[in-house]
Amino acid sequence: MRAVLATYSRELRAYFFSPLAYVVLFFFLVVNGFMFSIIVRSLSDPSAPAGPPLAFFFGGFFFWIILLLITPVLTMRLISEELRSGSVEVLMTAPITEGQVVAGKYLAVLTFYASLWAPTLAYAGILAYNAKVDWGPVAAGYLGILCIGGLLLAIGTFASAMTRSQLVAAFVTIALVLLLFVLGLIDNLFTSEITKQTLGYVSLVGHMEDFAKGIVDTRRLVFYASASWFFLFLASRALADKKWR
Amino acid sequence: MIEAQNLTRRYGDFTAVHGISFTVGEGEIVGMLGPNGAGKTTTIRMITGFLPPTSGQVTVAGKDLFESPREARRQLGYLPENVALYGEMRVEEYLAYRARLEGLGRSEVRGAIGEAAERCLLADVRHQLIGTLSKGYRQRVGLATAILHKPSTLVLDEPTVGLDPKQIIAIRELIRDLGRERTLLLSTHILPEVELLCNRVMIIDRGRIVAEGTPEALRERSVGNPSVRLTLKGAPDAGETLKSLAGVISAHAGAGAGAENSAWVVEYAQAADPREEIFRAAVARGWVLLEMARERTTLEDIFVRLTTHDQAGEPLSSDRSDPSDSAPSAPPTEEVPS
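Chains are numbered independently. Their residues run from 1 in the order of the written sequence. Throughout, the order in which chains and ligands are written sets their labels, letters from A for the former and numbers from 1 for the latter. pLDDT decides what is reported in this predicted model: residues at 70 or higher carry local features, side-chain atom pairs at 80 or more are listed and counted, and totals for whole chains, interfaces and linings draw on all residues regardless.

Caption draft 1: Main features of the overall build of chain A. By the criteria applied, helices consist of DSSP H or I runs no shorter than four residues and strands consist of E runs no shorter than two, each listed in order from the N terminus. Scanning chain A for helices and strands turns up 13 helices and 0 strands. The order of helices and strands in chain A, counted from the N terminus, is α-α-α-α-α-α-α-α-α-α-α-α-α. For chain A, whose C-alpha radius of gyration is 19 Å, the value lies close to the compact-globule estimate of 18 Å for 245 residues. In terms of its C-alpha atoms, chain A occupies a principal-axis envelope of roughly 65 × 45 × 30 Å. A pair of residues counts as a contact when their C-beta atoms, built from backbone coordinates, are within 7 Å of each other. Contacts in chain A between residues at least 24 apart in sequence constitute 79% of all its contacts with a sequence separation of at least 6. Just to be clear, the radius of gyration here is over C-alpha atoms, and the globule rule we use is 2.2 Å times residues to the power 0.38.

Caption draft 2: Seen up close, the interface of chain A and chain B. Across the contact, 19 residues belong to chain A and 21 residues belong to chain B. In terms of residue count, the dominant contributor to the side of chain A that touches chain B is helix 1 (residues 2–17) of chain A (6 residues). Here the residues of the side of chain A that touches chain B sort into 10 nonpolar, 5 polar and 4 charged. Polar here means any residue other than Ala, Val, Leu, Ile, Met, Phe, Trp, Tyr, Cys and Pro, which are nonpolar, and Asp, Glu, Lys and Arg, which are charged; Gly is therefore polar.

Caption draft 3: Summary view of the sheet that holds strand 5 (residues 63–64) of chain B. Residues and elements named next belong to chain B. Strand order in the open sheet formed by 4 strands is 2-1-4-5, and the pairing between neighbours is antiparallel. The open sheet is flanked by strand 2 (14–24) and strand 5, the only strands paired with a single partner. Where strand 1 (residues 2–11) and strand 4 (residues 55–60) come together, 5 bridges link them in antiparallel fashion. Following the sheet pairing, Thr-8 is matched in strand 4 by Ser-55. Axis geometry follows a simple rule: fit a line to the C-alpha atoms, using only the stretch in contact for helices, then measure angles between N-to-C directions, giving values from 0 to 180 degrees. Sheet strands touched by helix 1 (residues 40–47): strand 1, strand 2 and strand 4. Its angle to strand 1, the strand with the most contacts, is close to 120°. Two strands are said to pair when DSSP picks up at least two bridges between them.

Caption draft 4: Main features of unusual backbone geometry. All names here are of chain B. Its identity is not glycine, yet Glu-158 carries a phi of approximately 50°, on the positive side. Position of Glu-158 among the secondary structure elements: in the loop between strand 7 (153–157) and helix 6 (165–179). For Glu-158, a count of 21 C-beta atoms within 10 Å puts it in the buried group. Phi is positive for Arg-206, close to 50°, though the residue is something other than glycine. In this fold, Arg-206 is placed in the loop between strand 9 (200–205) and strand 10 (208–213). Exposure criterion: with C-beta atoms placed from backbone coordinates, a residue whose C-beta has 20 or more other C-beta atoms within 10 Å is buried, one with 12 or fewer is exposed, and one in between is partly exposed.

Caption draft 5: Main features of the confidence of the model for chain B. Residues and elements named next belong to chain B. One number per residue, pLDDT, summarises how confident the predictor is, and it ranges from 0 to 100. When the pLDDT values of chain B are averaged, the result is 81; 88% of them are 70 or greater. Every residue in residues 316–338 is under pLDDT 50, and counting partners more than four places away or in other chains gives 27 contacts. Model confidence for the complex is summarised by a pTM of 0.81, with the ipTM given as 0.84.

Caption draft 6: How the structure looks around the sheet that holds strand 12 (residues 248–253) of chain B. Residue and element names in this part refer to chain B. Within the open sheet, the 4 strands sit side by side as 12-13-11-14. Their pairing is antiparallel. In the strand order of this sheet, the two ends are held by strand 12 and strand 14 (288–295), each with one partner. Sheet twist, expressed as the mean angle between neighbouring strand axes with direction ignored, is 20°. One ladder, built from 5 bridges, connects strand 12 with strand 13 (residues 261–268); its direction is antiparallel. When the sheet's bridge partners are listed, Val-248 is paired in strand 13 with Tyr-268. Relative to strand 14, helix 10 (residues 275–285) is tilted by about 170°, and along the sheet it contacts strand 11 (227–233), strand 13 and strand 14.

Caption draft 7: Here's a closer look at the environment of Val210(B). Residues and elements named next belong to chain B. Tracing the sequence through the fold places Val-210 in strand 10. For Val-210, a count of 18 C-beta atoms within 10 Å puts it in the partly exposed group. Each C-alpha atom, one on Val-210 and one on Ile-2, is 19 Å from the other, the two residues being 208 residues apart in sequence. Contact partners of Val-210, with chain neighbours within four places excluded, come to Ile-203, Asp-205 and Leu-306.

Caption draft 8: Structural view of the packing of helix 1 of chain A against helix 7 (residues 98–117) of chain A. Residues and elements named next belong to chain A. One way to put it is that helix 1 packs onto helix 7 with a least axis distance of 8 Å and a crossing angle of 40°. What the angle tells us is that helix 1 and helix 7 run oblique. The chirality of how helix 1 crosses helix 7 is right-handed. Seen from helix 1, the contacting residues are Ala-3, Val-4, Thr-7, Tyr-8, Glu-11, Leu-12 and Tyr-15; seen from helix 7, they are Gln-100, Val-101, Ala-103, Gly-104, Lys-105, Leu-107, Ala-108, Thr-111 and Phe-112. Each residue belonging to the contact of helix 1 with helix 7 can be placed in one class, and the counts come to 10 nonpolar, 4 polar and 2 charged. Reported orientations rely on four angle classes, namely roughly parallel under 35 degrees, roughly antiparallel over 145, roughly perpendicular from 65 to 115, and oblique for the rest. Crossing chirality is assigned from the near helix's rotation relative to the far helix, an anticlockwise turn below a right angle marking it left-handed and a clockwise turn marking it right-handed.

Caption draft 9: Main features of the domain arrangement of chain B. For each domain, the first and last residues come from an automatic or database assignment. The domain boundaries assigned to chain B delineate domain 1 (2–220) and domain 2 (224–295). Its C-alpha centre places domain 1 of chain B at a distance of 46 Å from the equivalent point of domain 2 of chain B.

Caption draft 10: Up close: the packing of helix 1 of chain A against helix 3 (residues 91–101) of chain B. Look at helix 1 of chain A against helix 3 of chain B: their axes get within 8 Å of each other, and the N-to-C directions meet at 155°. Judged by the inter-axis angle, helix 1 of chain A sits roughly antiparallel to helix 3 of chain B. Where helix 1 of chain A crosses over helix 3 of chain B, the handedness of that crossing is left-handed. When helix 1 of chain A is examined against helix 3 of chain B, the residues Arg2(A), Ala3(A), Ala6(A) and Arg10(A) are found in contact with a partner set consisting of Tyr97(B), Arg100(B) and Leu101(B). Split by residue class, the contact of helix 1 of chain A with helix 3 of chain B holds 4 nonpolar, no polar and 3 charged.

This is the structure:
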């Protein structure tokens, strides 16, 4: 546990000591703030359809674009940088297992990801100041953000453990995330009921819509937890495998 | 204490290390010598648990490295060949991180950092970013992390490579200091370093141990007869006289005397020391003795002989290579800085 904590705090520090963190945070807030203001303005129009503003905010087009772009940026150097620089050698000769390294690093990137979203809580505050907010769907929406982000970051961590090149890691991450994303969108191409259901089970977009409406389905939570765990397990195996060559 | 048994490592079809076995005892400093690509780093990586061997066993301080890796690694401090550090961290932060990674408690961390930083002469850069440090300082940070958790065993892979002479002296002093109370395995291809620091030497070539022993024992075992090198002013026909002296086996003309002087290499039997006789002979015959020095076979000679291969891949036999000719010239001993 101590080893996981040591890795976690070092990794988190590395994020906040690099300019990358602030660049990402800046643009993240600019884009999200812009989206939020557009949503609020269009919903203020009396002719607009009624609905909670944050439901449009979560799960909108920009939401997915941001997620797709941010995941590889956050995860690409996580392990591949250690492999490239050779610091993995002193790391893996310390009394720490591959699983602990992956766990520490993953928790760090997850924390950083959460801290990217934290300022958007202010939007809910602004809405609450001006109107009545139903807090259930808001909380569920943030839970969805954490679940989906957690899975994508686990995929990115896995890709980063596979290669010493950050570029390759980023590319593999984008490819895997896109694949997963698209799988959930093409269910109407199939006629077989089982295929449709299976694809529906991994439909990120569908899940996020539910979360934004305030629906927290335990099947979804199990799916995200187990899928994230699976990719983290693969990441620790990939890191162990690096030693054999 | 390190025990390696039958360590073998293959990379695909290529066998980098062939069944190496050795022991490094408590309080011993053992040097691992070998040309580049001999398998030193592969061996070291197996001993430190970074690289799993294809077959074989390693125990560190009595703990099996593969059955109880954590306990074994806790006893082990490791300085790899390329010290890779996190450039964005300050020295002190990095040491604190490593200390916690090694499992030191909150209360122990501070003391451990202070001690390691002091021993490795890092006190004046403690708050500096690692990325801004010179190579010598980085090496010292690497060493500091290796001794941070007070391991009983240290493994250092080429600790002085790429340093300037002053830094080399400082690092060597530190190594000698550390070796007093620990088991220490040192890999290097710098021969004087081994003679300076090590109680025992292993010479590795093509993945096998080709010689092992104290530097003195290796020297004695592999050398033929000792010899004395002379430079005389004039006296081009001194050879006959020299040959007739007691204990002398042969005397032949040496090189590098210049036109007016003559140089001689006088080979003599192990037990004899003909230097006094030579001096008396010179006085009796009126030779002007410009130089007389006993030639010591250096580790370098042994090393070159054991690791030079002809085209068939066999080591050159000792009678084919006169060590004084084939070895690149290097002083047999180096000035030991105090």
